[in-house]
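As a plain string of letters, each chain reads:
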There are 2 protein chains.
Amino acid sequence: MVVLGSTGSIGVNVLNIAKRFDLQIEALIAGNNVELLNRQIELFNPKYVGVADKSLADLVCHKNVFYGNEGIVEVINLSASDLVVNALVGFLGLKPTMEAIKCGKRVALANKESLVAAGKFVDVSKIVPIDSEHFALWYLQNGREIEKMTITASGGPFRNTPLDRLKDVKPKDALKHPNWSMGDKISIDSATMTNKLFEILEAKWLFKTEKVDALIENKSVIHALIDFKDGSTTAHFARADMKLPIAYALLGDKFGERILPNIDILKIAELSFEKIDEQRYPIWSFKDEILNDSDKGVVINAANEVGVERFLSNEIGFLDIFDIVKSAFYKFKDIKVDLFEDVFEIDKEVRKYSKRVK
Amino acid sequence: MVVLGSTGSIGVNVLNIAKRFDLQIEALIAGNNVELLNRQIELFNPKYVGVADKSLADLVCHKNVFYGNEGIVEVINLSASDLVVNALVGFLGLKPTMEAIKCGKRVALANKESLVAAGKFVDVSKIVPIDSEHFALWYLQNGREIEKMTITASGGPFRNTPLDRLKDVKPKDALKHPNWSMGDKISIDSATMTNKLFEILEAKWLFKTEKVDALIENKSVIHALIDFKDGSTTAHFARADMKLPIAYALLGDKFGERILPNIDILKIAELSFEKIDEQRYPIWSFKDEILNDSDKGVVINAANEVGVERFLSNEIGFLDIFDIVKSAFYKFKDIKVDLFEDVFEIDKEVRKYSKRVK
């Protein structure tokens, strides 16, 4: 397989599973962590490797080094693998997703932005999501008629922070996720609930339904629930560990081995369920609109990526991330995405705008 | 279909579903509630009816009235229906279960005692359980390898009663179940946790596994959980209403209509999970032994039926029910059930013994 984003938290877990089940790695694409990439090269002996830019390429111990976004596309085209794992972060993951599908490959997709920004152009029959929530929904489907899908949110690090103190929280606070260890971008998206908004939009495309919602279950033990039309509701419980969805994405159904220990429900002892509060997570007020008019996904995503970057570089405050998204949302409220190429145009414009807000 | 126990709480729900889906009723067997039986006869126009004994038969408005246990067996043999709903209470339900299977019929089984007393002789391929917990387990199966099955208990009306006051509780207290409206016998079995012990033993026979346990979820929202070997756990949530398992038992899978409203998980807000405490529910100390050596099912059942009767008639106290069961359990601890007929012999002996205890 080809692994895009091999040195990130998903990438590392993907390689753990690959090692355990003796899966061949044809290509490894990393960002800036050359040190870890070199160790992965030694362990997996890939045919192709890639890094973020040319200056890093010389530091990579391999004879076939590609770089930049063009390098990723090149590697996908050169590779013989049937499966591409896309664990890239952000909008730059979209092109590789589309390229892999164009080449007839399946995509194990951890890159949320592909579906958020351009879901209507993606052939989801080629996609297996790497995500606890979508995996859980997939696992719970049983052929019976579905009334509603619900995914869970942990509420992030600021679930109990007094509302008037949110304006002062710093990147280091926002990066301390209570239940999951994840990369920086997704940790911030988790703190703002943008991550969950994106997952709802992904679910719309993956499962072809707009009857999807989210709630807070703060222990991250339940990842999703399905209401069936008969009156049954089922839920998927598992430890907060990406190895389970990764194993299914890489190995398909019924590999028949233990991936995680089961949760101990008696140790968990108590679970609580809460509405997502729009005061604390103002992005949630866009939920219905973005489910109805998903062309706005590219706008919210671009503005959010800029907002998160600006927050992580201490240029703006935590609450300003949403203000940027809101400003862009209304600025571009009449946007229509007709062609796939439009997505890149709009993304560029929204970024330009979002960098200037405030 | 043939409905045994038509005037009980399960029977009434069965007829509700039959009415809604326009299912034909060939026979109605009731106990002593002739008034309700007569109304059911008017509504469903069955070919055969039955009551508990001869003295009641004259009060039944029907030309084909049978009575007693022999009457039940006769009706099963006469009937052309493919399905027998067995919602009889107690050991007397065993013979009709076996007779129906012998006649090549399927049995929708609410009578727990059939499997508890004689599970090893019952062809479970002919059985569909009418029970929220076993229905939930059945619903959650997905073809993947199972590690463990767990059913839930509400804890009954005495879940929070101080232990030193249990000896003084009266039948009227024990009959007040917090979450379910059920018949007297099963309500008492619920208060002592005997009902859950029986359900675990039933699950052993139905699902051919000894990896089955129970825990307390006091809202009766979750009815069962399955731990899968991969590390996933799934749970079945539904309102505490027997119509759902009944609809599946009568109509088979995928009838595609709403039976119950889905639970509202946000209204439920909190769930808790507790171990079953052997001090409060001493019957639970027999769990492992009865799963290992299920021949003892007939002993526990017979002693329990006598104990519950004696308690309901105010002859003994609540805690004495278990003392009778325990006394019989050790008295008959070396019992072996080799032939189906032995079950009836042992049942008789244990009852004789249990009536004399104390």
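Quantities reported herein were computed from a predicted structural model and do not represent experimental measurements. (Residues numbered from 1 in each chain as written. Chains lettered and ligands numbered in written order. Predicted model: local features only at pLDDT ≥ 70, side-chain atom pairs only at ≥ 80, totals over all residues. Heavy atoms only, no water.)

**Student:** Explain the interface of chain B and chain A to me, please; I cannot follow it from the model alone.
**Tutor:** A common measure of how large an interface is: the accessible area buried when the components associate. Contacts between chain B and chain A engage 46 residues on the former and 45 residues on the latter. Both sides of the chain B and chain A interface together cover about 3,500 Å² of buried area, and 52% of this is carbon and sulfur. Looking only at chain B, the three residues that lose the most surface to chain A are Y139, R144 and F273 of chain B, adding up to 19% of its buried area. Joining chain B to chain A, the criterion identifies 4 salt bridges. Close ionic contact of R144 of chain A with D253 of chain B constitutes a salt bridge, the shortest N to O distance being 2.8 Å. (Contact = heavy atoms within 4.5 Å. Buried area = accessible area lost by both parts, 1.4 Å probe. Salt bridge = Lys/Arg side-chain N within 4 Å of Asp/Glu carboxyl O.)

**Student:** Before we go on, may I ask you to explain unusual backbone geometry in this structure?
**Tutor:** Most peptide bonds take the trans configuration, and most residues that are not glycine carry a negative phi. All names here are of chain B. In this structure, A269 takes a positive phi of about 65° despite not being glycine. Here A269 falls in the partly exposed class, since its relative accessible area comes to 27%. Although it is not a glycine, N314 sits at a positive phi angle of roughly 60°. Looking at the secondary structure, you find N314 in the loop between α14 (297–312) and α15 (318–331). On the basis of relative accessible area, N314 is assigned to the exposed category, the value being 57%. (Buried < 20%, exposed > 50% of the residue type's maximum accessible area, 1.4 Å probe, protein only. Helix = DSSP H or I, 4+ residues; strand = E, 2+ residues; numbered from the N terminus.)

**Student:** Mind showing me how you'd approach helix α10 (residues 194–207) of chain A here?
**Tutor:** Every α-helix winds through 3.6 residues per turn, so residues three or four apart in the chain are directed the same way. Helix length check: α10 of chain A, at 14 residues, gives a terminal C-alpha distance of 20 Å against a target of 20 Å (1.5 Å per residue), a fit within 8%. When you tally the buried positions in α10 of chain A, you get 14 out of 14 residues, the bulk of the element. (Expected span 1.5 Å × (residues − 1).)

**Student:** Sorry, what's going on with the domain arrangement of chain A here?
**Tutor:** Residues and elements named next belong to chain A. Considered domain by domain, chain A is made up of domain 1 (2–129), domain 2 (134–284) and domain 3 (293–358). Centre-to-centre, using C-alpha coordinates, domain 1 lies 25 Å away from domain 2. In this assembly, 24 residues from domain 1 lie in contact with 23 residues from domain 2. For the pair domain 1 and domain 2, the two sides together bury roughly 2,200 Å², of which 73% comes from carbon and sulfur. Area buried by domain 1 at its contact with domain 2 is led by K112, V116 and P129, which between them contribute 26% of it. Counting every contact that joins domain 1 to domain 2 gives 3 salt bridges. We note a salt bridge from K185 to E113, for which the minimum N-O separation is 3.1 Å. On the surface where domain 1 and domain 2 come into contact, there are 6 residue pairs in polar contact (both at pLDDT 80 or more). Sort the elements by how many residues they give to the side of domain 1 that touches domain 2 and helix α1 (residues 9–20) lands first, with 7 residues. In terms of residue class, the side of domain 1 that touches domain 2 is built from 15 nonpolar, 4 polar and 5 charged. (Domains from an automatic or database assignment. Polar contact = N/O pair within 3.5 Å; in protein donor to acceptor, adjacent residues only side chain to side chain. Nonpolar A, V, L, I, M, F, W, Y, C, P; charged D, E, K, R; others polar.)

**Student:** Explain the pattern of salt bridges to me, please; I cannot follow it from the model alone.
**Tutor:** A side chain with one charge may pair with a side chain of the opposite charge, provided their charged atoms come close. Residue and element names in this part refer to chain B. Counted under the stated rule, the structure contains 56 salt bridges over all chains. As a salt-bridge pair, K172 and D173 come within 3.5 Å of each other at their nearest N and O atoms. A salt bridge links K287 to D288, with the shortest nitrogen-to-oxygen separation between them at 3.8 Å. Residue K287 is classed as buried on the basis of its relative accessible area, which comes to 12%. In this structure D288 comes out as exposed when scored by relative accessible area, which is 51%.

**Student:** What's the story with the packing of aromatic side chains in this structure? I'm lost.
**Tutor:** A ring pair, where both rings are aromatic, is described by two values, the distance of the centres and the angle of the planes. Throughout the structure, instances matching the rule amount to 35 aromatic pairs over all chains. Between F340 of chain A and F344 of chain A, the ring centres sit 5.2 Å apart and the planes meet at 90°, which makes this aromatic pair edge-to-face. In this pair, F340 of chain A and F344 of chain A are both assigned in helix α16 (residues 340–356), 4 residues apart and thus about one turn of the helix distant. Ring geometry for F135 of chain B versus W138 of chain B: centroids 5.8 Å apart, planes at 35°, classification tilted. (Phe/Tyr/Trp six-rings, centres within 6.5 Å; stacked < 30°, edge-to-face > 60°.)

**Student:** In this structure, what is going on with the relation of the copies chain B and chain A? I would like to understand it.
**Tutor:** Here the two chain copies are tied together by a rotation about an axis and a shift along that axis. Once chain B is rotated about the relating axis by 180° and shifted along it by 0.0 Å, it coincides with chain A to within an RMSD of 0.0 Å. The symmetry that links the two subunits is that of a two-fold axis. Both copies present the same face, since 98% of the interface residues in chain B are matched by interface residues at the equivalent positions in chain A. (Least-squares fit on C-alpha atoms with pLDDT ≥ 70 in both.)

**Student:** What's the story with the packing of α1 of chain A against helix α11 (residues 243–251) of chain A in this structure? I'm lost.
**Tutor:** For any two helices packed against each other, one specifies the crossing angle of their axes together with the interaxial distance. Residues and elements named next belong to chain A. Between α1 and α11, the shortest axis-to-axis distance is 9 Å and the interhelical angle comes to 60°. With respect to their mutual orientation, α1 and α11 come out oblique. Like other packed secondary-structure pairs, α1 and α11 cross with a definite hand, here right-handed. On the side of α1, the interface is formed by I10, N13, V14, N16 and I17, while α11 contributes K243, I246, A247, L250 and L251. In terms of residue class, the contact of α1 with α11 is made up of 7 nonpolar, 2 polar and 1 charged. (Axes fitted to C-alpha atoms, helices over the stretch in contact; angles between N-to-C directions. Parallel < 35°, antiparallel > 145°, perpendicular 65-115°, else oblique. Left-handed = near helix turned anticlockwise from the far one by under 90°.)

**Student:** Honestly, the sheet that holds strand β10 (residues 222–228) of chain A in this entry has me stumped. Any pointers?
**Tutor:** Hydrogen bonds along the backbone pair up the strands of a sheet, which may run parallel or antiparallel. One open sheet holds the 8 strands; their spatial order is β9(A)-β8(A)-β10(A)-β11(A)-β11(B)-β10(B)-β8(B)-β9(B), and the pairing between them is mixed. This sheet does not close on itself; its edge strands, each paired only once, are β9 (212–216) of chain A together with β9 (212–216) of chain B. Averaged over neighbouring strand pairs, the angle between their axes works out to 20° when direction is ignored. Relative to strand β11 (residues 233–237) of chain A, β10 of chain A runs antiparallel, the two sharing 5 bridges. (Pairing = 2+ DSSP bridges.)

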